[in-house]
Amino acid sequence: NAGVTQTPKFQVLKTGQSMTLQCAQDMNHEYMSWYRQDPGMGLRLIHYSVGAGITDQGEVPNGYNVSRSTTEDFPLRLLSAAPSQTSVYFCATNQAYSNQPQHFGDGTRLSIL
Amino acid sequence: AQKITQTQPGMFVQEKEAVTLDCTYDTSDPSYGLFWYKQPSSGEMIFLIYQGSYDQQNATEGRYSLNFQKARKSANLVISASQLGDSAMYFCAMRAREAGGYNKLIFGAGTRLAVHP
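The following paragraphs examine the structure supplied in this document. Predicted model, so just to flag it, every value in this text is computed and none were measured. (Residues numbered from 1 in each chain as written. Chains lettered and ligands numbered in written order. Predicted model: local features only at pLDDT ≥ 70, side-chain atom pairs only at ≥ 80, totals over all residues. Heavy atoms only, no water.)

**Comments concerning the overall build of chain B**
The test is simple: Strands are runs of DSSP state E lasting at least 2 residues, helices are runs of H or I lasting at least 4, and numbering of each runs from the N terminus. In this setup the radius of gyration rests on C-alpha atoms only. A globule is expected at 2.2 Å times the number of residues raised to 0.38. Between buried and exposed lies partly exposed: a residue is buried under 20% and exposed over 50% of the maximum accessible area for its type, with that area taken using a 1.4 Å probe on protein chains only. Only the protein chains shown count as cover for residues, and the accessible areas themselves come from Shrake-Rupley with a 1.4 Å probe. Under this rule, positive means Lys or Arg and negative means Asp or Glu; His and the chain ends count for nothing. The atom standing in for a charge is NZ when the residue is Lys, CZ when it is Arg, CG when it is Asp and CD when it is Glu.
Of regular secondary structure, chain B possesses zero helices and 12 strands. Written out in order from the N terminus, the α and β elements of chain B read β-β-β-β-β-β-β-β-β-β-β-β. A globule of 117 residues ought to have a C-alpha radius of gyration of about 13 Å, and chain B, at 14 Å, matches this closely. Dimensions along the principal axes, computed over C-alpha positions, put chain B at roughly 45 × 30 × 25 Å. Split into buried and exposed, the 117 residues of chain B put 51% on the buried side. Accessible surface for chain B amounts to roughly 5600 Å². Of this, 50% is attributable to carbon and sulfur atoms. Averaging the positions of the 11 positive and the 10 negative side-chain charges in chain B gives two centres separated by 4 Å.

Structure below.
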């Protein structure tokens, strides 16, 4: 049981490049989310989805785009990478019940030069 | 505004002793949930324990317990009999409801715990 799989684990980009961070889950969870983790700031929500075809913005959505065409996949796109987007990115999933924890992928460490 | 505050950037404890990691929260929603996650140096996020706002008793999971004081809006994590493997970053998080029923998590800045032999 893979759970939540994020690829790649590490990536270095140049300013202005675009890329897609992949997130796939085999837990059949309705909810999926993307967070970024920066030192001293905990995790902040970028975008989330409550089901296939439905996405919404979180706390820090600027510069990022998402789509959810299937229950399993929730890719995060950086449209034009900026140094301020250097961070560790986590994908998380959870069931549609309030007392269930979110299950996190192992993270993607992204550096923008 | 909904907010989680962890005031201890770093803590250390001797092996086999107990340690308390502080967490205070702010919300006007009467229904909320509080979570603690552990992040070891390898980077993954590991769920530890959950406390619901209507739960009558403090949550416990093995060596982890949550000291929930609703009137003070605090949800401190207590780790008993610390082990070297407990050295990690610990995050307190609060469930907050969003449009469409989605429950997002609001995270604190974290506390880095070091367990000394």
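**Structural notes on the nonpolar core**
Heads up, the rule is: By nonpolar core is meant a set of buried Ala, Val, Leu, Ile, Met, Phe, Trp, Tyr and Cys residues that side-chain atoms within 4.5 Å join together. Every residue pair with non-hydrogen atoms within 4.5 Å of one another is taken to be in contact.
Judged by nonpolar contacts, the single largest core of 26 residues is most densely connected at B:Trp36, B:Leu77 and B:Tyr90. Contributions of two or more residues to this core are made by β3 (19-21), β5 (33-39), β6 (46-52), β8 (64-69), β9 (74-79), β10 (88-97) and β12 (111-116) of chain B. In terms of residue count, the dominant contributor to this core is β10(B) (five residues). Beyond its immediate stretch of four places on either side in the chain, B:Tyr90 contacts B:Gln6, B:Leu21, B:Trp36, B:Tyr37, B:Lys38, B:Leu48, B:Leu77, B:Ile79, B:Gly110, B:Thr111 and B:Leu113. In terms of nonpolar packing, the next biggest core, distinct from the first, is built from 20 residues, A:Leu43, A:Phe90, B:Tyr50 and B:Met89 among them.

**Looking at the sheet that holds strand β3 (residues 19-25) of chain A**
All names here are of chain A. Note the following rule: Note on pairing: DSSP must find at least two bridges between two strands before they are called paired. Convention adopted: a line fitted to C-alpha atoms gives each axis, helices being fitted over their contacting stretch, and angles between N-to-C directions are expressed from 0 to 180 degrees.
Read across the sheet, four strands follow the order β1-β3-β8-β7 without closing on themselves; strand pairing throughout is antiparallel. Edge positions in the sheet fall to β1 (4-7) and β7 (64-66), since each of these pairs with one other strand and no more. The sheet shows a mean angle of 20° between the axes of neighbouring strands, direction not considered.

**Quick look at the interface of chain B and chain A**
Applied cut-off: By buried area we mean the combined loss of accessible area, with a 1.4 Å probe, across both parts when two parts are placed together. A pair is scored as a salt bridge if a Lys or Arg side-chain nitrogen falls within 4 Å of a carboxyl oxygen belonging to Asp or Glu. Pairs of N or O atoms are called polar contacts if they sit within 3.5 Å, as long as, within protein, a hydrogen donor faces a hydrogen acceptor (for residues adjacent in sequence, only side-chain-to-side-chain pairs).
Taken residue by residue, the interface counts 21 residues in chain B and 20 residues in chain A. Here chain B meets chain A over a buried area of about 1700 Å², counting both sides, of which 59% is carbon and sulfur. Among the residues chain B hides against chain A, the three largest losses belong to B:Met45, B:Tyr102 and B:Phe107. Together they make up 34% of the total. Run the count over chain B and chain A and you get zero salt bridges. On inspection of chain B and its partner chain A, the count reaches three residue pairs in polar contact (both at pLDDT 80 or more). Counting only elements with at least two residues in the side of chain B that touches chain A, the list comes to β5, β6, β10 and β11 (103-107) of chain B. The element contributing the most residues to the side of chain B that touches chain A is β11(B), with four residues.

**What about the pairing of strand β4 (residues 31-37) of chain A?**
All names here are of chain A. With seven of seven residues buried, β4 is to be regarded as a mostly interior element. The alternating pattern of β4 places Tyr31, Ser33, Tyr35 and Gln37 on one face and Met32, Trp34 and Arg36 on the opposite face, and all of these are buried. Inspection of the sheet shows β4 paired to strand β9 (residues 87-94) by seven bridges, in the antiparallel sense. Bridging across to β9, Trp34 finds its partner in Cys91. Strand direction decides the pairing type here: β4 and strand β5 (residues 43-51), joined by six bridges, are antiparallel. Across the sheet, the residue bridging to Arg36 is Arg44, located in β5. Connecting β4 to the antiparallel partner β5 that follows it, the hairpin turn spans five residues, and Gly40 within it adopts a positive phi of roughly 75°.

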